[in-house]
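Observations on the three-dimensional arrangement
Below are the chains, spelled out letter by letter.
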Amino acid sequence: MPASLRIGLIGFGEVGSSFARGFLADGLTGLVAYDEPRSDAQRDLARRRSVELGVPLLDDPAGLADRDLVVCCVPQDQAMAAAERCAGAIAPDALYVDVNSLGPPDKIAVAERVAALGRTFVDAAIMGMPINDLHRVPVLASGEAAQRFAELGGRAGMRIRVAGARPATRPASRSCAAW
């Protein structure tokens, strides 16, 4: 695992913490996470996961500024708010990767918001269960920087297939059997 790859996670629920477990198991160090849980119970769970995994839980999205790759793993209804709060805080050359299962119009709206903040958006559709496959869950990526994400994510052990150059692009067959 290249020590120079710096990954940040937005959202430290089931998906974000599953990705973190996988990255850590493969030897990636220096992970950070940012989360704004909506309830005290969710906040406590994120803190417990942070301590258990040794992944610092940031208080401010500005802590994502030195990341190469920032993966947004928040619930669907929080995708736009997360983009508005966090995308502008990341480095201009970093990738903002959204793994939410939004429909195409909403995914495109988030992509446009990230672009309006001067950052690079990648749409990533998770094609399995991160709780089982961790960071190696098959992912379909689309957007102008999808290939760059496939290369960076591949260095981190992710299994990424590029689906197209426009966000919300999905191939006719969504089978992951060949991955």
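Quick caveat, the model's predicted, so the values are computed rather than measured.

Structural notes on the overall build of the chain
- A count of helices and strands for the chain gives 6 helices and 8 strands.
- In terms of overall dimensions, the chain is globule-like: its C-alpha atoms have a radius of gyration of 15 Å, near the 16 Å expected for 179 residues.
- On the chain, roughly 8100 Å² of surface is accessible, and the fraction owed to carbon and sulfur atoms is 50%.

Examining the side chain of D98
- When you line up the elements, D98 lands in strand β5 (residues 95-98).
- Using a relative accessible area of 0% as the deciding quantity, one classes D98 as buried.
- Within the structure, D98 has its side chain in polar contact with the side chain of N100 (distance 2.5 Å).
- Once residues lying within four places of it in the same chain are set aside, the contact partners of D98 are C72, A79, K107, V110, F121, V122, D123 and A124.

Some points on the environment of N100
- Looking at the element boundaries, N100 is found in the loop between β5 and α4 (104-116).
- Relative accessible area serves as the criterion here: at 5%, N100 is assigned to the buried category.
- As for N100 and A41, which are separated by 59 residues in sequence, their C-alpha atoms are 22 Å apart.
- Excluding residues that lie within four positions of it along the chain, N100 makes contacts with C72, V74, P75, Q76, A79, K107 and A124.

Section: the sheet that holds strand β6 (residues 120-126)
- Across the sheet, 8 strands lie side by side as β3-β2-β1-β4-β5-β6-β7-β8; this open sheet has mixed pairing. The open sheet has two edge strands, β3 (57-58) and β8 (159-164), and neither has a second partner.
- Alignment of strand β4 (residues 69-72) against β5, held across 4 bridges, turns out to be parallel. Counted as the bridge partner of C72 is D98 from β5.

The rules behind the values
- Residues numbered from 1 in each chain as written.
- Predicted model: local features only at pLDDT ≥ 70, side-chain atom pairs only at ≥ 80, totals over all residues.
- Heavy atoms only, no water.
- Helix = DSSP H or I, 4+ residues; strand = E, 2+ residues; numbered from the N terminus.
- Rg over C-alpha atoms; globule rule 2.2 N^0.38 Å.
- Areas by Shrake-Rupley, 256 points an atom, 1.4 Å probe, with all protein chains shown as cover.
- Buried < 20%, exposed > 50% of the residue type's maximum accessible area, 1.4 Å probe, protein only.
- Polar contact = N/O pair within 3.5 Å; in protein donor to acceptor, adjacent residues only side chain to side chain.
- Contact = heavy atoms within 4.5 Å.
- Pairing = 2+ DSSP bridges.

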